[in-house]
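Reading the structure
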Amino acid sequence: MNDYSEIGYLLIKEGCLAFTSMAFEAVYRRPFQIAHHHRIICHKLDQVLRGEHPTNRLMLNIPPRHSKTELAVVSFSALGFAINPRSEFMHLSSSDQLTTRNVTNIRRIMEDPNYRAFFPNVKLSNNAKGSISTSKGGVMYAAPFMGQITGFGCGKLGATEFSGAMLIDDPMKAQDSFSNTTKGRIGELWTSTFKNRLNDVRTPVIVTAQRLAVDDFCGYLLQREGSIDEGGEWDVVKFPAIVDDGLETEHALWEARFALDKLKKYRESDPFTFETQYMQNPKPLEGLMYREFRTYDVIPYSKDTTHKNYTDTADTGSDYLCSICYDELPEGNYVTDVLYTKKPMEYTEPKTAEMLAKNNTEWANIESNNGGRGFARNVERILRQMNITRTTISCFSQTDNKQVRIFTKSADVNNMTFFPTNWDKKWPEFYQAVMSYMKEGGNAHDDAPDALTGCLEKRSIPIHDDDLTDINIW
């Protein structure tokens, strides 16, 4: 049994969160700001340390700057050595600079007077850069993921208590996600090299990473070894930066550090990166339904211009209402306004009527499925109360399969739809819904692409081959 002080024993008993709070304040001289996701992470880490994790394969997908390294590498290692000074760790990351910094921070905790007092049996025996050794034979070897690793393993064969782990933290750089060669090499290193460095098949492996691509390192592991939910090895815990995105209960994962309004501004500026790295929802560029749309600064009005609207009412409580105002010209549809929301009809009915009035809408096509006819009647009534008589409301029932319609008309929609130059900032949720829509699966909502498809289908002006520049259809 190890020699702990009374406080050291209590810290080990309480687990990773209590230890992190103590160590962080002792070393950095400020309190560790605990958020809900920290409690979840520490619960999982405690399962590993106590030998209670079902597979000893833990994957934490977390946005940048949310304390994943502090918890799952720095504090976890220092606590692991406190539990068993003979532990053997291997730490891998994307660069030598990162691994060296992490080892330095682990050493700072272990050299702190409080740590030495609480865990007197843990004594450091070297100061070599990139490694840690204890007087009991415990070691940590740290190296870049793509570096040279020979003659070293982690964990102990046949151990009945915690004896070390392999800690992989952000093995890929963001730019690596665009290189199939690099992604393939990183995946092969796991299979050919790093798995062979586990001294026991039960030695824990913890991967902490923001997602970078569908086929990044986490994707590689899940494709080949699977998640626990699918009968595989990896216990995957995902932390999106915006929790309950789009619902009334939405909030920032760590509001004290990354406020919700700041996160939304970042999403507006770079939706693809935000969805991947911050929402942990990677999507392949080649699998997206739409390429970038053409934009306009001024609509080239002509005698053939018709002010129109297409509204896809929410079919279920989780769906969005998507109402699009656009000017129909021979060369395409120029989108002028969008209402895209999950709010109830008490909000959407008057807002839709206001939008139709503001855009001088002459003809509005409203899907009558699942309450759409009642919605249309109420919108028309509100318009008449506003003394707007120029708008004709047309109800229709949409019976064709949404996914088939969206897919088969996607090229036409991409080529015949024009958005204002700042549409990504003007309607960020709508922009995200359109530009992240996948050709095959993985789509939480199809309301925005469905409404864009409807705008094309309801064109009064026929589509001619000459209109479809730069596109080969089917």
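Note: the structure precedes this text.
Each value, and the rule that gives it
Residues numbered from 1 in each chain as written. Predicted model: local features only at pLDDT ≥ 70, side-chain atom pairs only at ≥ 80, totals over all residues. Heavy atoms only, no water. Helix = DSSP H or I, 4+ residues; strand = E, 2+ residues; numbered from the N terminus. Contact = heavy atoms within 4.5 Å. Areas by Shrake-Rupley, 256 points an atom, 1.4 Å probe, with all protein chains shown as cover. 1 Å grid on protein atoms, 1.4 Å probe; cavity = no way out; pocket = protein on both sides within 12 Å on 5 of 7 lines; lining within 4 Å. Points joined across faces, edges and corners; volume = space filled by probe spheres on them. Nonpolar A, V, L, I, M, F, W, Y, C, P; charged D, E, K, R; others polar. Pairing = 2+ DSSP bridges. Axes fitted to C-alpha atoms, helices over the stretch in contact; angles between N-to-C directions. Salt bridge = Lys/Arg side-chain N within 4 Å of Asp/Glu carboxyl O. Core = buried A, V, L, I, M, F, W, Y, C linked by side-chain atoms within 4.5 Å. Buried < 20%, exposed > 50% of the residue type's maximum accessible area, 1.4 Å probe, protein only.

A word on the overall build of the protein chain. Scanning the protein chain for helices and strands turns up 17 helices and 16 strands. Across the protein chain, every contact between residues at least 6 apart in sequence was considered, and the portion connecting residues at least 24 apart equals 73%. For the protein chain, the exposed surface amounts to about 21400 Å²; the carbon and sulfur share of it is 48%.

What follows concerns empty space enclosed by the protein. This model, assessed by the stated rule, comprises 2 cavities of 30 Å³ or more. As for the largest cavity, its lining consists of Asp-170, Pro-171, Met-172, Ala-209, Gln-210, Leu-212, Asp-216, Phe-217 and Cys-218. Residue composition of the lining of the largest cavity, grouped by class: 6 nonpolar, 1 polar and 2 charged. Its volume calculated, the second largest cavity comes out at about 30 Å³. As for the second largest cavity, its lining consists of Phe-272, Glu-275, Thr-276, Asn-281, Lys-283 and Ser-436.

Read across the open sheet, the 7 strands follow the order S10-S16-S13-S12-S11-S14-S15; overall the sheet is mixed. The two strands at the open ends of the sheet, each matched to only one other strand, are strand S10 (294-296) and strand S15 (392-396). Each neighbouring strand pair of the sheet contributes to a mean axis angle of 30 degrees, computed without reference to strand direction. One ladder, built from 5 bridges, connects strand S14 (residues 363-367) with S15; its direction is parallel. Bridging from a neighbouring strand, Asn-365 pairs with Ser-394 of S15. Strands in contact with helix H11 (residues 345-358) are strand S11 (306-312), strand S12 (321-329), strand S13 (332-341), S14 and S15; relative to S13, the strand with the most contacts, it is inclined by about 155 degrees.

Moving on, we come to the pattern of salt bridges. Taken as a whole and judged by the stated rule, the model has 21 salt bridges. Two residues, Lys-264 and Glu-250, come together in a salt bridge whose shortest N-O distance is 2.5 Å. Of this pair, Lys-264 sits in helix H9 (residues 260-269) while Glu-250 sits in the loop between strand S8 (242-243) and strand S9 (251-252); the two residues are 14 residues apart in sequence, bridging distant segments of the chain. Among the ionic contacts, a cluster of salt bridges with common partners joins Asp-312, Lys-402, Arg-405, Asp-446, Asp-447, Asp-450 and Glu-457.

Roughly 780 Å³ of internal volume is contained in the largest pocket. Of all the secondary structure elements, the ones that give two or more residues to the lining of the largest pocket are helix H2 (16-28), helix H4 (68-83) and helix H5 (96-111). Of the residues forming the lining of the largest pocket, the biggest block, 5 residues, is contributed by H5. Partitioning the lining of the largest pocket into residue classes produces 11 nonpolar, 9 polar and 10 charged.

This next bit is on the nonpolar core. Phe-19, Leu-45, Phe-76, Tyr-115 and Phe-119 are the most contacted members of the largest nonpolar core, which has 48 residues in total. For this core, the secondary-structure elements that each account for two or more residues are helix H1 (6-14), H2, helix H3 (36-49), strand S1 (57-61), H4, H5, helix H6 (113-118) and strand S4 (139-144). Once residues lying within four places of it in the same chain are set aside, the contact partners of Phe-76 are Leu-45, Val-48, Leu-49, Leu-71, Phe-89, Phe-162, Ala-165, Leu-167 and Ile-206. Counting residues in hydrophobic clusters, the runner-up holds 29 residues, among them Val-338, Trp-423, Tyr-431 and Ala-433.

Attention shifts here to helix H16 (residues 428-435). When you tally the buried positions in H16, you get 6 out of 8 residues, the bulk of the element. When we look at burial in H16, the residues that qualify are Phe-430, Tyr-431, Gln-432, Ala-433, Val-434 and Met-435.

So, about the pairing of S11. Where burial is concerned, most of S11 is hidden: 6 out of the 7 residues are buried. Where S11 lies against S12, 7 bridges are found, and the strand directions are antiparallel. Within S12, the position partnered with Tyr-310 by the bridge is Ile-324. In the sheet, S11 pairs with S14 via 4 bridges, with the strands oriented parallel. The residue bridging Tyr-310 from the neighbouring strand is Asn-365, located in S14.

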